[in-house]
Amino acid sequence: MTELPRYEYVKLADAIAADIASGKLPQGAALPGERAMTDLYRVSIGTVRRAVVELRKRGLVATLPAKGTYVIGMPEAAGDAPEGSEPNA
């Protein structure tokens, strides 16, 4: 079965999530402004806005009005232990 194409905003959210996971955007780092991201990623402002909403849903960023959008979390890798459990020693 062929894979369905992903929306541009999901691709952008995945790219930013990968930057967060790699440490390129560490916790506490500010994301570039919306206009800067339109130039950086060559997408529309609507795509940027939807990607930021997606990242907020994933718990990776928080937006402070008139301040910006900041990294607050790390993406969960598949197979990670559930929250509150201790790794096997």
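Conventions adopted
Residues numbered from 1 in each chain as written. Predicted model: local features only at pLDDT ≥ 70, side-chain atom pairs only at ≥ 80, totals over all residues. Heavy atoms only, no water. Helix = DSSP H or I, 4+ residues; strand = E, 2+ residues; numbered from the N terminus. Expected span 1.5 Å × (residues − 1). Buried < 20%, exposed > 50% of the residue type's maximum accessible area, 1.4 Å probe, protein only. Arc of directions from axis to C-beta. Contact = heavy atoms within 4.5 Å. Pairing = 2+ DSSP bridges. Salt bridge = Lys/Arg side-chain N within 4 Å of Asp/Glu carboxyl O. Phe/Tyr/Trp six-rings, centres within 6.5 Å; stacked < 30°, edge-to-face > 60°. Lys NZ or Arg CZ within 6 Å of the ring centre and 35° of its normal.

A. Representation of helix α3 (residues 45–57) within the structure. Taking 1.5 Å of rise per residue, the 13 residues of α3 would be expected to cover 18 Å, and the 19 Å separating its terminal C-alpha atoms lies within 8% of that figure. Those residues of α3 that fall on the buried side of the exposure criterion are T47, V48, A51, V52, E54 and L55. Summarising the axial view, the buried residues of α3 lie within an arc of 160°, below the 170-degree limit, and thus occupy one face. Check the buried side of α3 and you find it contacts α1 (8–22), α2 (34–41), β1 (61–64) and β2 (68–71).

B. Representation of the pairing of β1 within the structure. The pairing of β1 with β2 spans 4 bridges and is classified as antiparallel. Pairing of A62 across the sheet is with Y70, part of β2. Between the antiparallel neighbours β1 and β2 lie 3 residues, among them A66 with a positive phi of about 65°.

C. Spotlight on the pattern of salt bridges. Taken as a whole, this structure holds 5 salt bridges when the rule is applied. Close ionic contact of E34 with R49 constitutes a salt bridge, the shortest N to O distance being 3.1 Å. Of this pair, E34 sits in helix α2 while R49 sits in helix α3; the two residues are 15 residues apart in sequence, bridging distant segments of the chain. According to the relative accessible area criterion, E34 is partly exposed, its value standing at 33%. Three or more residues joined by partner-sharing salt bridges are found here, namely R6, D14, E54 and R58.

D. Summary view of the side chain of T47. Mapped onto the elements of the fold, T47 is located in helix α3. Setting aside chain neighbours within four positions, we find T47 in contact with E8, Y9 and L12.

E. Representation of the packing of aromatic side chains within the structure. Here the structure, examined in full by the defined rule, presents 1 aromatic pair. Taken together, a centroid distance of 5.9 Å and an interplanar angle of 25° make the contact between Y7 and Y9 stacked. Taking the ring centre of Y9 as reference, the NZ or CZ of R50 above it sits at 4.1 Å.

Structural measurements only, silent on function.
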